[in-house]
Amino acid sequence: MQNNPNNPLDNKPWTIKYQPRSAKEVQGHDEALITIKTFILNYKNQEKRAVLIHGNVGSGKTCSIHAIAKDLNYEIIEVNASDFRNAEGINTTVGNASKQLSLFARGKIILVDEVDGLSGANDRGGVSALTSLIEKSYYPIICAATDAYDEKLKPLKKMCNFVEFKSPNYQVVYKILNEICSKEKISFNEIDLKSLARKAAGDIRGAINDLQSLVQDKKILQTEAIEHLGDREKVESMFNALVKIFKASDASIANTALDYVAEDLDESTLWIDENLPKEYTNPTALAAAYNALSKANVYKGRIRRREHWRFLVYQTTLMTAGIAAAKTEKNREFIKYSPTQRLLKIWRANMRYGLRKEIAAKIAVKTHTSKKETIQNTLPFISIMMKKNKAMKESFIQEFELTDDEVGFLVG
Ligand SMILES: Nc1ncnc2c1ncn2[C@@H]1O[C@H](COP(=O)(O)OP(=O)(O)OP(=O)(O)O)[C@@H](O)[C@H]1O
Ligand SMILES: [Mg+2]
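Bear in mind the structure is a predicted one, so any value in this text is a computation, not a measurement. (Residues numbered from 1 in each chain as written. Chains lettered and ligands numbered in written order. Predicted model: local features only at pLDDT ≥ 70, side-chain atom pairs only at ≥ 80, totals over all residues.)

**Observations concerning the site of ligand 1**
Inspection of the region around ligand 1 gives 21 residues, with Gly60, Lys61, Thr62, Cys63 and Ile204 positioned closest. Looking at the shell around ligand 1, the elements that each hand over two or more residues are α3 (61–72) and α9 (204–215). The residue inventory of the shell around ligand 1, partitioned by class, reads 9 nonpolar, 10 polar and 2 charged. Two domains each donate at least three residues to the shell around ligand 1, and these are domain 1 (29–165) and domain 2 (168–228). (Near = placed C-beta within 6 Å. Helix = DSSP H or I, 4+ residues; strand = E, 2+ residues; numbered from the N terminus. Nonpolar A, V, L, I, M, F, W, Y, C, P; charged D, E, K, R; others polar. Domains from an automatic or database assignment.)

Structural data, given as structure tokens:
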């Protein structure tokens, strides 16, 4: 079937052409959508006056709210938080809309999309404008974010009911791609389409865009084309991963926490080690969590020594689900995670170690001894002499052509 040039949708991206027109067409978020709809219909009686939807890029946060608004025949006022950066901006855009009644007394929903865009250093004004808007608004406010754990959003989070959009699994993505293929009369084989769905790693928009770019107007999906398509880069922040591990009560959620982080397992271990004591305040839970972490390290040793790669799964499971399961109750406090101090210390130690080797090399040449011996015997001696005697210090600097850093190392 040829595209119909008179149909404007034929030239549109498929993400728009096939955007869900009703909540029923949104895939994979049934429960979340019911929660949101119920909130919208009863928001006046709710203790918390807004909803914060959070979930992965391209998982359907924005289109779901549009679909619900259509179902309810509500007007939707959409603002993108990153469009305005201060109190004035929010007030002029949504302020009035939040007060007036609709012309035909239609219901309204105010969608403040991408509120994580408000989390930059200078956006405190934006966050507080949003919270006061929520306090005063006559209409329900729905906020959406990919990363809801930014500390700057804390005041906002206190006022919101949380709704998580879980990352859709590949079967959900496959179902959507499959429907589009049949509507577009694209021939494909199931394995290829499934592999495309898997590569999307939960990003439905990404998957649809990939499909459209791969078939273009050929109407056939070729295996080779998919193979050339790299895995969709989905790097999750270490921050999100830690939240999953520390706060999850469901081991299967925690289990995948490290799947998409850029850091390797060694670095992840250091992050966990650094932040675990801040989260697990109960000593029994803390001990159990460290037990899991140390067992993970035992597996790591075996993997390294004997190349038992199949142990890798145990190492990750202990680091994620093992730690998640160590607690009896999650810490409801917001904890600010920090990068590991240990890495910094190792780095500093390495720098010092490197410097020491360089100095030893310079001295060894002149004293006709080995570097090892210089490090062991000569260096401490030179260092003491330089600290005690200024003239001696100057002559060593000249003799061994020491740089400022090296002198700092010796006398510091
Ligand atoms: N759950 C879903 N069911 C059906 N289609 C979906 C779903 N999620 C995404 N899509 C498709 O992907 C497009 C983009 O989704 P949407 O913009 O709602 O994602 P998002 O979660 O808001 O992403 P972002 O985090 O980038 O704001 C939609 O227009 C729709 O075509
Ligand atoms: Mg969106």
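After presenting the structure, the write-up continues.
**Considerations on the confidence of the model for the protein chain**
Low-pLDDT stretches of the model should not have their predicted coordinates read in fine detail. Summarising the model, the protein chain shows a mean pLDDT of 84, and 87% of its residues fall at 70 or more. Considering each helix and strand of the protein chain separately, the mean pLDDT is smallest for helix α4 (residues 87–95), with a value of 69, and largest for α3, with 96. (pLDDT = per-residue confidence, 0-100.)

**Thoughts on unusual backbone geometry**
Trans peptide bonds make up most of the peptide bonds, and negative phi angles are found at most residues other than glycine. Phi at Glu114 takes a positive value of approximately 55°, unusual for a residue other than glycine. Tracing the chain through its elements places Glu114 in the loop between β3 (108–113) and α5 (124–136). Look at Glu114 and you get partly exposed, because 18 C-beta atoms sit within 10 Å. Phi at Lys185 takes a positive value of approximately 55°, unusual for a residue other than glycine. Checked against the element boundaries, Lys185 lands in the loop between α7 (170–183) and α8 (190–199). Taking the number of C-beta atoms within 10 Å as the measure of exposure, Lys185 has 10 and is therefore exposed. (Buried ≥ 20, exposed ≤ 12 C-beta atoms within 10 Å, placed from the backbone.)

**Concerning the sheet that holds strand β1 (residues 50–55)**
Pairing is parallel in the open sheet, where 5 strands are placed in the order β2-β3-β4-β1-β5. Each edge of the open sheet is held by one strand with a lone partner, namely β2 (75–80) and β5 (160–165). Between one strand axis and the next, the sheet turns by 20° as a mean value, whatever way the strands run. Direction of pairing for β1 relative to β5: parallel, over a ladder of 6 bridges. Across the sheet, the residue bridging to Val51 is Asn161, located in β5. Packed onto the sheet, helix α2 (residues 30–42) meets β1, β3, β4 (141–145) and β5 and runs at close to 155° relative to β5. (Pairing = 2+ DSSP bridges. Axes fitted to C-alpha atoms, helices over the stretch in contact; angles between N-to-C directions. Contact = placed C-beta atoms within 7 Å.)

**Structural notes on the environment of Leu293**
Its location among the elements puts Leu293 in helix α14 (residues 283–306). Here Leu293 falls in the partly exposed class, since 18 other C-beta atoms lie within 10 Å of it. As a C-alpha pair, Leu293 and Thr320 span 27 residues in sequence and 8.9 Å in three-dimensional space. In contact with Leu293, not counting residues within four places along its chain, are Thr269, Ile272, Asp273, Met319 and Ile323.

**What about the nonpolar core?**
One finds Val51, Ile141, Ile142, Cys143 and Ile245 to be the most contacted residues of the largest nonpolar core, which totals 66 residues. Considering each element in turn, this core owes the most residues, 6 residues, to helix α11 (residues 238–247). Domain assignment of the residues forming this core places at least three in each of domain 1 (29–165) and domain 3 (238–339). Other than its neighbours up to four places away in sequence, Ile141 contacts Arg49, Ala50, Ile110, Val112, Leu133 and Ile134. Core analysis: the next-biggest nonpolar cluster, separate from the first, contains 19 residues, Val173, Leu193, Leu214 and Val215 among them. (Core = buried A, V, L, I, M, F, W, Y, C linked by C-beta atoms within 7 Å.)

**Some thoughts on α14**
Two residues of an α-helix separated by three or four positions point the same way, owing to the 3.6 residues in each turn. When the terminal C-alpha atoms of α14 are compared, their 34 Å separation across 24 residues agrees well with the 34 Å that a helix rising 1.5 Å per residue should span. Within α14, the full set of buried residues consists of Ala285, Ala289, Ala292 and Ala296. Where α14 is buried, its residues contact α13 (265–279) and α15 (312–325). Positive backbone phi, approximately 55°, marks Glu307, located one or two places after α14. (Expected span 1.5 Å × (residues − 1).)

**Some thoughts on the pairing of β3**
Two faces belong to every sheet, and in a regular strand the side chains alternate between them. β3 sits mainly inside the fold: 6 of its 6 residues count as buried. Direction of pairing for β2 relative to β3: parallel, over a ladder of 6 bridges. Bridging across to β3, Glu78 finds its partner in Leu111. Relative to β4, β3 is paired through 3 bridges, and the arrangement is parallel. The residue bridging Leu111 from the neighbouring strand is Ile142, located in β4.

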